[in-house]
Structure formats: structure tokens, C-alpha cells
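As a plain string of letters, each chain reads:
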Amino acid sequence: MSTSSSSRIQHPGLAQKIMTATEAAALIPAGANVGMSGFTGAGYPKALPQAIAAHAKAEHAAGRPYKINVWTGASTAAECDGALAEAHAVGQRLPFNTDPTARKAINAGEINFIDMHLSHVAQHAWFGFLGHMHVAVIEVLGITPEGLLIPSTAVGNNKTWLEIADKVILEVNTKLTDRMEGMHDIYYGTAIPPRRVPINMTHADDRIGQAYLRVDPAKVIAVVETHKGDRDNVFATPDENSEKIASYIIDFLAHEMKAGRLPKDMLPIQSGVGNVANAVLAGLLKGPFDNLLGFTEVLQDGMLDLLRAGKMSRASATAISLSGKAYEDFEKNIDFYRERIILRPQEISNHPELVRRLGIIAMNSMIEADIYGNINSTHLMGTGMMNGIGGSGDFARNGYLSFFVTPSVAKDGAISCIVPMASHVDHTEHDTQIIVTEQGLADLRGLSPRQRAQVVIDQCAHPDYRPLLQDYFDRARSKGAQHTPHILTEALSWHQRFVDTGHMLP
């Protein structure tokens, strides 16, 4: 397909439904459950959310209530989540958010946020657990003469939203290159129990679906044309701490390979989102491993670098979320990347059974870990939502190896990221194999709780906090049950001290 607006909408019937975003927004009633496209700043609708926000403000000014419930694949961007939150237009949001305006509304109790494992979202919607979906708002790159949809830079839950929604609004984005056509792999073999069948994928780069999304044209009530790029994801240059974390992981993987616990060709790699994760990928670029495979949620700049350098042969994900500079390279060399990147629905990219069977090496960030290996990846001081659990649980529990990484301190040392007891637990000690900070790497496999605690203190804690952790652990072992020693009156005192004084140190 060419890149002109008219030729991107080739289905005659759907071309008759072109209207403005303002006109389309008026078709979404208050209280509607709205499934929007978007996954980690990619493939989200660009015009409808802002038009809905304007509509909400007008309704509020007229004294009429107006809020919708927004379901996505993961996070979107300021012109979507941010605009809707600023207009007080969101009643419920799931399953993941990174927008600061929406986060403020969530933590103020204005938005009811449902934090979910990303692999659960589509199936819970199919089961009816989340209620009925009234409208789907989906960004696509084009519509073929047959009415098939060219997916955008994120697939996310779009397949499911298009299938279960009563009505559909399509945003056709002419800014993003439609030469991505053929990069996607949309699997239509999922079913509801007891009619499920095995997923026929034995390698991370297998294609098991088709290149297009399907929609019943009769359900499409509007087609809106847009011309705007995805969120510019700016990644910091890896700092000294990030490079140390990356070096520990690479040395560990090399050791595992030498010990015969990893195959020489390496297992597929999953990497979470953010600067530390991107630094680990940058470390792999310099590492001793070749012919890598990616099986992850989001392709960031670092994985693109691995593909371009020939260190990674193929990468599978549900979204591609890049910096502006990296996207320019992606578009310029789209023929190269189309042969090496596969974008799937997130119910496949995050599928726990596939993660386990393919033997994924999972690397995810965290907010804090306690001495026994319980991980908090979502809440600040136990109560304030940061972003959400995302897909880390899908990979951590089921991966062949599971790393959780963080700098050992935050807020210029005011917060220790290794604490006596996690203030919120997203991943229990049973799902945590390896914890890494810039101080070192703690391999927790095959260790009892007390053994884990000593390794975490010795290897991962910052020197300013290590003596305090050791003192807590020693005193806890002198009283009470000895399987997982704690002093309950002190276990969360570090967090309370930070809330009271702004610092965890006494």
C-alpha cells in the first residue's frame, strides 16, 4: 500500500465511514467500557482520546457526568492516558499505566486502577470477568480492499478488542510506515476452556498466525484519519551502575553456559522496559553470545541494536517502542527489520506456557526486594501505584532463568532498594531466582530463606545499608520461628521512617 491517506483505506464500505475525531467521540456514551489499542507508548489512538477528553469537558461544563472505562494493552502516552485523566474522563483503567497525570488521579482515588498480569487481560475479557466491552478504538496502518487491517507498531489486545466489542472505531495513521505490512503474526487459534488446543510454537521465531487483524465491517461505526508518530521513548545513556548490572548478568550467563546449564546457542531473551533493561541489552551487544533470539513484550532501542549488529537473529514481541532516532533507523531499514521482527498479540508474547516451554531468560526491573527475595515492582512505600506489574510476572514465574534488577539505592541514597520486608509483594520469593544490583548478583536458586537473606545482604545491599540489614537479620534470628526470621514491629520501619523524615537511615 502507498502512504497517501486515501489509498490507506481501500475498503469501499469503510471508506464511507470516515469522519472527524470529534464526530466519532460523540458516538461513545458515558459509562462505556472502551478497549483502546496501545502497548508501552506504541500503537495507541492519537486523535480519539483527545476528542473524548474535549467531549468530557463540554459535558462537565453543562452539568452532565461523563466518564468512560479504558482497557488497553499496556501504557499509552500523554495524548491518550494523560489527556483523558486531565479531563477527569476516566472511571476505571486497566491493566498498566505510566502517565504521570493518570498516576496522580489513580493515587488520589479518582481512577479505579486494576493492575493485572498482561497475559490475563485478553482471556479475562473473553471470560466476561471484566464486564461487557461497548466500543473498541484501534489504531491501524491501513485497510485492505478486503477489509483486513494492517496492525500498527503495537498489537497488544487489539485482536480481542475487535472481536468482543459491540462497535469499533478505527484510526488509520498515515505517519507510521505501512511498510510494516507482513511483520505481524496474528494468532486466531485461542479459545475458551474447555475448548483450548495446544499452541503450535516450538521456537521463539515461529510464525503461527496471519499478517492482518480482522474486523466485521458492520461493527465499524467510524474511521478517523490521523498523522502522528508514537511517543518518543528517550533512553538514558547507560550509567556506571547500569553497566555494572549488565556485566554481572553477562558474566553469570557465561558461567551457566560453561557449567552446562545453558545451551551454547543461548535461550530466548525477555527484557523489561526502561533504562536499566536497555543497558543490559547494550551489554549483550558487547558480550560473547551470538545468534540470540528475543521473545519479549517490547522491542526497545537495545534489541534493535542487537539485530542490526547481527548478534540477534530474530526478535518476537507485541510492540516496538523506540526513541525518535531509533525509529528513523527502523523506517529507513524496514525491509531488513521486517525479516527479523515478529509482532504478536500479547496473549501470545506473554503466554506463560510458551514462556516455560521455550525456556525464556527473563530480565525485569523492580522497585525493591526484601532480604528473602520477595519483589515489589509496583508500589512506592507500599501504597502509591507507580506503573503496574506489566508482564514481569508472566515471565518471572515461568522463565528458565529469572532476574530482577535495580540500583541498590534510590533518591540519592535516601531509599534502600533492599529492605527487611517488601512493602508490597508482586513476585514472591518462590518466583525469584536472581537479584542484581550494581553491588553484585545474588543467585538464590536452591537456597532456604535464611540462606537467601545472607546472600542478598552480602551481594546486593548498598554499603550504607548493609550493616543495618545484617543487624536486623541477626536480631530476627535470635527470636521467634527460624524459617523466615522477622521482627514484625520493625519489618516496615524503614519505610515509615522515610515517610516521616525523608530518609530510610536513622
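You'll find the structure just up there.
Owing to the predicted nature of the structure, the values given are computational and were not obtained by experimental measurement.

Participant: How should I be thinking about the packing of helix α9 (residues 240-258) against helix α10 (residues 275-286) in this particular structure?
Facilitator: Helix-helix packing is characterised by the crossing angle of the two axes and by the distance between the axes. Packing of α9 against α10 brings their axes to within 8 Å, and their N-to-C directions diverge by 55 degrees. Relative to α10, the element α9 lies oblique. In terms of crossing hand, the pair formed by α9 and α10 is right-handed. When α9 is examined against α10, the residues S242, I245, A246, I249 and I250 are found in contact with a partner set consisting of V276, A279, V280, G283 and L284. Residues belonging to the contact of α9 with α10 are distributed by class as follows: eight nonpolar, two polar and no charged.

Participant: Just checking my understanding: could you explain unusual backbone geometry for this structure?
Facilitator: Among all residues except glycine, the phi angle is most often negative; among peptide bonds, the trans geometry is most common. Here the amide bond leading from L94 into P95 is cis, since omega sits at 0 degrees, within 30 degrees of zero. Cis geometry marks the peptide bond from P193 to P194; its omega dihedral reads 10 degrees. With respect to the helices, strands and loops of the structure, P194 is situated in the loop between β7 (167-173) and β8 (220-226). Here T40, not a glycine, exhibits a phi torsion of approximately 50 degrees, which is positive. Relative to the elements of secondary structure, T40 occurs in the loop between β1 (33-36) and α4 (48-61). Relative accessible area serves as the criterion here: at 6%, T40 is assigned to the buried category. Unlike most non-glycine residues, D412 shows phi in positive territory, near 55 degrees. Assignment of secondary structure puts D412 in the loop between β21 (409-410) and β22 (415-416).

Participant: Before we go on, may I ask you to explain the packing of aromatic side chains in this structure?
Facilitator: In this description, an aromatic ring pair is defined by two values, namely the gap between the centres and the angle between the planes. Applying the stated criterion across every chain yields a total of eight aromatic pairs. Ring centres of Y465 and W494 lie 5.7 Å apart, and the angle between their planes is 40 degrees; this geometry places the pair in the tilted category. Of the two residues, Y465 sits in the loop between α17 (449-460) and α18 (466-477) while W494 sits in helix α19 (residues 493-501), which places them 29 residues apart along the sequence. An identical accessibility class is assigned to Y465 and W494; each is buried. Pairwise contacts between aromatic rings join Y327, F330, F336 and Y337 into one cluster. Directly above the ring of Y44 sits K46, whose terminal nitrogen or CZ lies 4.0 Å from the centroid. The positively charged end of R477 is found above the aromatic ring belonging to F473, 4.3 Å away from the centroid.

Participant: I would appreciate a short explanation of the sheet that holds strand β16 (residues 368-370) in the present structure.
Facilitator: Two strands in a sheet stick together by hydrogen bonds in their backbones, pointing the same way (parallel) or opposite ways (antiparallel). The three strands lie next to each other as β17-β16-β23, forming an open sheet whose pairing is mixed. Two strands close off the open sheet at either side, each with one partner strand: β17 (375-376) and β23 (418-419). One ladder, built from two bridges, connects β16 with β23; its direction is parallel. Following the sheet pairing, A369 is matched in β23 by I418.

Participant: What is the right way to look at α17 in this model?
Facilitator: An α-helix turns once per 3.6 residues; consequently, residues spaced three or four apart project the same way. The end-to-end C-alpha separation of α17 is 16 Å, in line with the 16 Å expected for 12 residues at 1.5 Å each. Residues of α17 that are buried: P449, R452, A453, V456, I457 and C460. For α17, the arc enclosing every buried residue in end-on projection is 130 degrees, short of the 170-degree limit, so these residues lie on one face. Summarising the contacts, the buried residues of α17 are in contact with β16, β23, β24 (434-437), β25 (440-443) and α18.

Participant: Would you mind going over the nonpolar core with me for this structure?
Facilitator: Considering soluble globular proteins, one finds that nonpolar side chains tend to be buried as a cluster. Among the nonpolar cores identified, the biggest contains 74 residues, and W161, I249, L253, I320, F330, I341 and F403 are the most heavily contacted of them. A total of six residues in this core trace back to one element, the largest contributor, which is α9. Not counting residues within four places of it along the chain, the set of residues in contact with W161 comprises G35, M36, W71, T72, V121, A125, M133, A136 and I138. Membership of the second largest hydrophobic core comes to 36 residues, among which are A24, L48, I52 and A87.

Participant: Is there a simple way to explain the side chain of T153 in this structure?
Facilitator: Note on placement: T153 falls in the loop between β6 (149-151) and α8 (158-164). In this structure T153 comes out as buried when scored by relative accessible area, which is 1%. Here the side chain of T153 touches D230 through a polar contact of 2.5 Å, side chain to side chain. When sequence neighbours within four positions are dropped, the list of residues in contact with T153 reads A42, G43, L176, M180, D230, T318, A319, I320 and L343.

Participant: Teacher, can you tell me more about the pattern of salt bridges here?
Facilitator: Oppositely charged side chains are able to pair whenever their charged atoms sit close together. On inspection of all chains with the given rule, the structure shows 25 salt bridges. We note a salt bridge from R64 to E59, for which the minimum N-O separation is 3.0 Å. The salt bridge partner of R445 is D443, with a shortest N-O separation of 2.8 Å. Residue D443 is classed as partly exposed on the basis of its relative accessible area of 26%.

Participant: Which parts of the structure should I look at to understand the pairing of β8?
Facilitator: Put simply, side chains in a regular strand alternate between the two faces of the sheet. Across the seven residues that make up β8, a large majority, five, are buried. Relative to β8, β7 is paired through six bridges, and the arrangement is parallel. Paired with V172 across the bridge in β8 is E225.

Participant: For this particular structure, what's the right way to read the pairing of strand β2 (residues 68-71)?
Facilitator: Side-chain alternation along β2 places I68 and V70 on one buried face and N69 and W71 on a second face that is also buried. By the bridge criterion, three bridges tie β1 to β2 in an arrangement that is parallel. Following the sheet pairing, G35 is matched in β2 by W71. Each parallel crossover has a hand, and for β1 linked through α4 to β2 it is right-handed. Chirality of the crossover, the property in question, places the unit of β2, helix α5 (residues 78-86) and strand β3 (residues 90-94) among those that are right-handed.

Analysis parameters
- Residues numbered from 1 in each chain as written.
- Predicted model: local features only at pLDDT ≥ 70, side-chain atom pairs only at ≥ 80, totals over all residues.
- Heavy atoms only, no water.
- Axes fitted to C-alpha atoms, helices over the stretch in contact; angles between N-to-C directions.
- Helix = DSSP H or I, 4+ residues; strand = E, 2+ residues; numbered from the N terminus.
- Parallel < 35°, antiparallel > 145°, perpendicular 65-115°, else oblique.
- Left-handed = near helix turned anticlockwise from the far one by under 90°.
- Contact = heavy atoms within 4.5 Å.
- Nonpolar A, V, L, I, M, F, W, Y, C, P; charged D, E, K, R; others polar.
- Buried < 20%, exposed > 50% of the residue type's maximum accessible area, 1.4 Å probe, protein only.
- Phe/Tyr/Trp six-rings, centres within 6.5 Å; stacked < 30°, edge-to-face > 60°.
- Lys NZ or Arg CZ within 6 Å of the ring centre and 35° of its normal.
- Pairing = 2+ DSSP bridges.
- Expected span 1.5 Å × (residues − 1).
- Arc of directions from axis to C-beta.
- Core = buried A, V, L, I, M, F, W, Y, C linked by side-chain atoms within 4.5 Å.
- Polar contact = N/O pair within 3.5 Å; in protein donor to acceptor, adjacent residues only side chain to side chain.
- Salt bridge = Lys/Arg side-chain N within 4 Å of Asp/Glu carboxyl O.
- Right-handed = clockwise from strand over helix to strand, strands pointing away.

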